[in-house]
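Chain residues, written in single-letter form:
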Amino acid sequence: LMAEKNGYDHFMLKEIEEQPRAYRDTLRGRIDEDSQSITLPDMMMNPEHIREIKHIQIVACGTAYHAACVGKSIIERMTRIPVEIDVASEYRYRQPIIQEHTLVIAVSQSGETADTLAAIREAKLSGARVLAITNVVGSSVAREADHLLMTWAGPEIAVASTKAYTSQLIAFYLLALYIGQSIGSMDLAARAQLLTQIKELPDQVQNMLGHMTQIEQIAEHIAGYHDLYFIGRGLDYTIAMEASLKLKEISYIHSEAYPAGELKHGSLALIEDGTPVIALATQEVVLEKTISNIREVKARGAYVIGVAFEGNMELAQAADEVIYVPRTDALLAPAIAIIPLQLLAYYAALARGNDVDKPRNLAKSVTVE
Ligand code: G6P
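Residues numbered from 1 in each chain as written. Predicted model: local features only at pLDDT ≥ 70, side-chain atom pairs only at ≥ 80, totals over all residues.

As a reminder of what qualifies: UniProt positions are given in the numbering used here, feature names are shortened, and annotations may be inferred rather than shown by experiment.
Labelled according to an unreviewed UniProt entry, the chain appears under the name Glutamine--fructose-6-phosphate aminotransferase [isomerizing], originating from Paenibacillus baimaensis. Reading the Subcellular location (unreviewed entry) entry of the UniProt record for the chain gives the comment "Cytoplasm".

Here it is, written out as structure tokens:
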């Protein structure tokens, strides 16, 4: 088993560092350079199928659900098709409204999660077309879905998902662009611009991974706390949810992700002197609002760690410290900003002496409902 770790102490760290490779593999062969368009032949969903879609529902569990949260946001922004998201175990018990042209997307790293499979079966019984986004060829989810969009993260061993999550994000960017080009909801210039930035992601992540020494110190600092908060607005909130789950899973530190503007409606009462608050601030359109939320928590004694694009000097003034990540399009922020927070969870778990790859009570894939 040591050999498979390639010299790394843990699979999780190895898998975090494999992300640039996973991005490249998930993108490979799917961007046509001449026409600046997406080709997804393996998905076997032709433009007529795509043009019929009136409504999308995404089902998933755990980390895959957090990828779905990002997926909803980007599909809606790029295509204007309404998207609902459900935790798979809730989906079939809420009598979901499946219409004639509803596309159901199931996201699952393993392709064997019982809750997700049950949701797929429910959707198919109601006549929906089902597309699976999965990392395992030949898995149950892959076999039961009508259409397949593979992520090429490679085998993921650590229970806490990292490269599978970010590969799911890449799959959603490709899918949203593909739908967008099929229905004509995006002009060519906007599409070309976004594609250029997507292609830069692997190198950006690779460079960033070489400069993350600051994270270990922050992890040692937060490892001494019982509770902490992740805040953000819009896509920053989706990053916050996944970052909070990562930290809980392996460090066992209680944390909550909160939409930054909602904190004042209740949870602000929990902020004490020194409470760490990790504030995601990559979304330019809501930056001023997020900064005013940072001031609110700081006024109650919080210790604020910001996460922002390089060059965001306003955040350096508002927060106690800032983790800077390479600048990209706001829609692509989750694929970059989650990475230092995966490392933060990893180092916090190490600082607490936990079994990073096999956290207590959790399984890599849960095959019971
Ligand atoms: C388990 C794992 C999580 C994972 C979830 C969904 O709970 O511990 O890390 O996100 O299942 O797994 P899937 O294979 O369907 O993506």
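1. Points about the sheet that holds strand β12 (residues 321-325)
This is how it is decided: When DSSP finds at least two bridges between two strands, those strands are taken to pair. Secondary structure elements are taken from DSSP: a helix is a run of H or I of four residues or more, a strand is a run of E of two residues or more, and numbering for both begins at the N terminus. Here the axes come from fitting lines to C-alpha atoms, over the contacting stretch only for helices, and the angles between their N-to-C directions go from 0 to 180 degrees.
Taking strand neighbours across the sheet as the criterion, the 5 strands line up as β9-β8-β10-β11-β12 in an open arrangement whose pairing is parallel. The open sheet has two edge strands, β9 (254-259) and β12, and neither has a second partner. Shown here is a sheet whose adjacent strand axes are inclined to one another by a mean of 20°, direction ignored. With 5 bridges joining them, strand β10 (residues 276-280) and strand β11 (residues 303-309) adopt parallel strand pairing. Counterpart to Pro276 in the pairing with β11 is Tyr303.

2. Brief notes about the pairing of strand β6 (residues 129-134)
Which entries qualify depends on this criterion: Buried means a residue has 20 or more other C-beta atoms within 10 Å of its own C-beta, exposed means 12 or fewer, and partly exposed covers the counts in between; C-beta atoms are placed from the backbone. Classification remark: right-handed applies to a crossover when, strands pointing away from the viewer, the course from the first strand over the helix to the second runs clockwise.
Extensive coverage of β6 is indicated by the burial of 5 of its 6 residues. Relative to β6, strand β5 (residues 102-108) runs parallel, the two sharing 6 bridges. Residue pairing across strands places Ser108 opposite Thr134, the latter belonging to β6. Regarding the hand of the β-α-β motif, the stretch spanning β5, helix α6 (residues 114-125) and β6 is right-handed.

3. Some points on the site of the ligand
Here is the rule: Residues are classed as near a molecule or strand if the C-beta position derived from their backbone is within 6 Å of it. Residues are sorted three ways: Asp, Glu, Lys and Arg are charged, Ala, Val, Leu, Ile, Met, Phe, Trp, Tyr, Cys and Pro are nonpolar, and all the rest, Gly among them, are polar.
Residues in close proximity to the ligand total 16 residues, the closest being Gly62, Ser108, Gln109, Ser110 and Thr113. Tallying contributions element by element places helix α4 (residues 62-79) first for the shell around the ligand, with 3 residues. For the shell around the ligand, the class distribution of residues is 6 nonpolar, 9 polar and 1 charged.

4. Some thoughts on the sheet that holds strand β4 (residues 83-87)
With parallel pairing, the 5 strands of this open sheet are ordered in space as β4-β3-β5-β6-β7. Each edge of the open sheet is held by one strand with a lone partner, namely β4 and β7 (147-150). In this sheet, neighbouring strand axes are inclined to one another by 20° on average, regardless of whether the strands run parallel or antiparallel.

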